[in-house]
Amino acid sequence: MESLLSHRLTPTIKISSFNQFLSIKHPSILPFSMDPPATNISCLTTVRSQQKDTIKDNEDPLKVKEWELGMMQQEVAAVQGIKIRRRPPTGPPTHYVGPFEFRIENEGNTPRNILEEIIWYKEKEVTLLREKRPLSMLKKALEMAPPIRDFVGALRDAQKRTGVPALIAEVKKASPSRGVLRENFDPVEIAQSYEKGGAACLSVLTDEKFFQGSFENLDKIRKAGVKCPLLCKEFIIDAWQIYNARINGADAVLLIAAVLPDLDIGYLVKICKILGLATLVEVHDEREMDRVLGIQGVELIGINNRNLETFEVDISNTKRLLEGERGEIIRQRDIIVVGESGLFTPDDVAYVQEAGVKAVLVGESLVKQSDPGKGIAGLFGKDISS
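The notes below deal with the structure included here. Source: prediction; values computed, not measured. (Residues numbered from 1 in each chain as written. Predicted model: local features only at pLDDT ≥ 70, side-chain atom pairs only at ≥ 80, totals over all residues. Heavy atoms only, no water.)

### Things to note about the layout of surface pockets
This is how it is decided: With a 1 Å grid spanning the protein atoms alone, the term cavity applies to any set of points in which a 1.4 Å probe fits but cannot get out, the term pocket to an open set with protein on both sides within 12 Å along at least five of seven lines, and the term lining residue to any residue with an atom within 4 Å of a point. Grid points are joined across faces, edges and corners, and a volume is the space filled by probe spheres set on the points. Here a strand is any run of E in DSSP of at least two residues, a helix any run of H or I of at least four, and the numbering for each starts at the N terminus. Gly counts as polar in this scheme, as do all residues outside two lists: the nonpolar Ala, Val, Leu, Ile, Met, Phe, Trp, Tyr, Cys and Pro, and the charged Asp, Glu, Lys and Arg.
The computed volume of the second largest pocket comes to approximately 740 Å³. Looking at the second largest pocket, it is lined by 32 residues, and the ones nearest its centre are Lys-172, Phe-211, Asn-304, Arg-306 and Ser-341. Contributions of two or more residues to the lining of the second largest pocket are made by α4 (114-132), β8 (252-256), β12 (359-362) and α15 (364-367). The residue inventory of the lining of the second largest pocket, partitioned by class, reads 16 nonpolar, eight polar and eight charged.

### Comments concerning the nonpolar core
Quick reminder of the rule: Take the buried residues of types Ala, Val, Leu, Ile, Met, Phe, Trp, Tyr and Cys, join any two whose side-chain atoms come within 4.5 Å, and each joined set is a nonpolar core. Relative accessibility thresholds used throughout: buried, under 20% of the residue-type maximum; exposed, over 50%; partly exposed, between the two (1.4 Å probe, protein chains only). Contact criterion: two residues are considered in contact whenever any of their non-hydrogen atoms come within 4.5 Å of each other.
Counting residues in each nonpolar core, the largest one holds 102 residues, and the members touching the most others are Leu-155, Leu-167, Tyr-194 and Leu-202. When sequence neighbours within four positions are dropped, the list of residues in contact with Leu-155 reads Ala-166, Ile-168, Ala-200, Cys-201, Leu-300, Ile-336 and Ala-359.

### Focus: the pairing of strand β3 (residues 166-171)
Using the following cut-off: Strands pair, by our definition, only if DSSP identifies at least two bridges between them.
Extensive coverage of β3 is indicated by the burial of six of its six residues. In β3, alternate side chains face the same way, and those of Ala-166, Ile-168 and Glu-170 on one face and Leu-167, Ala-169 and Val-171 on the other are all buried. Of the pairings in the sheet, the one linking β3 to β12 comprises four bridges and is parallel in character. Bridging across to β12, Ile-168 finds its partner in Leu-361. Examined bridge by bridge, β3 and strand β6 (residues 201-205) share four bridges and lie parallel to one another. Bridged to Ile-168 within β6 is Cys-201.

### What to know about the packing of aromatic side chains
Quick note on the threshold: Pairing of aromatic rings covers Phe, Tyr and Trp, the last through its six-membered ring, and needs centres within 6.5 Å; plane angles under 30 degrees mean stacked, over 60 mean edge-to-face, and all others mean tilted. Think of it as a cone above the ring: NZ of Lys or CZ of Arg counts as a charge over the ring if it is within 6 Å of the ring centre and within 35 degrees of the ring normal.
Tallying each qualifying case throughout the model produces two aromatic pairs. Aromatic pair Tyr-121 and Phe-210: ring centres 6.0 Å apart, planes at 80°, arrangement edge-to-face. Note that Tyr-121 is positioned in helix α4 and Phe-210 in the loop between β6 and α8 (215-223), a separation of 89 residues in sequence. The residue whose ring lies beneath Lys-209 is Tyr-121, and the NZ or CZ to ring-centre distance is 5.0 Å. One Lys or Arg, Lys-209, reaches over the ring of Phe-210 and ends 5.6 Å from the middle of that ring.

Printed below as a string of structure tokens:
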């Protein structure tokens, strides 16, 4: 049922296909081989006519163009099977009707799950941050950034030393589904406890709105002298965020295949290599795994066992994604696979290790304990600190 969300009316432009528009006017923009529906110039004329009829004189042409490009990006994502929409797909920028501005809530402009809600918010957040601190400023700040530590090397060394998957322990105060996980939250104290307990690397949540994290936490942990390499756990949609992570002490960043098209992942991986950062590319299912295996330069793949549609957790997802040809490709390329979500016991860790995982990322089951560092021994069934 449609409901009135606010006094705002979002005009809708009905466009049959942006792939048709691209194939006629900008064939070089399409980043993959595809066979679009038959097109002709009259189709393009119709699209332009629809736009002119719907877009009013008082609307900003630049915002309209940004909306058009966003719709093109949605088309690319749909072809690649990407589940998370980067922005609400219905309607160009809003315009005023008299003294009022209306918007009707419907399936098109409502997030389908929490990850999509986070990404829609992140689009707005990053736009504002870039205005306040342009990329040129971040590039100048790189000169003062701390030296990079070898994130991938730390995982390999820990796995060889302990004989169990290397641990990426997560510094995490809250989550959208569980709420606050730890009231007396001291990020530096938790990080030091993890390091003492045998963690090879740390993951630090930096999203403020949904996870109550911050880049300040990342910076504090780095400046406190914690030697474990740090993963910036942020929802990255723009290269600006990678530079921001680097100047705040990150040694690695997370990229989510459910959010980013293949070209974006490849581009961001290259940016990271230039800056010396490692990239953990996260997948949820077979199609995302196949996409990521087709991208050059990927050294770390995280398998998230949480279903994005039902939010159920099933660690057998890890085994399923590493069976057969996929597992063989991963072994041949010496890619480190990181198990994520649903890991609480030594049996859980042993299960994903048997499947081919060489590292695990664990947060909730550790951070909720009075001594997170000691919780690591419980997770693995033995002391891995020495």
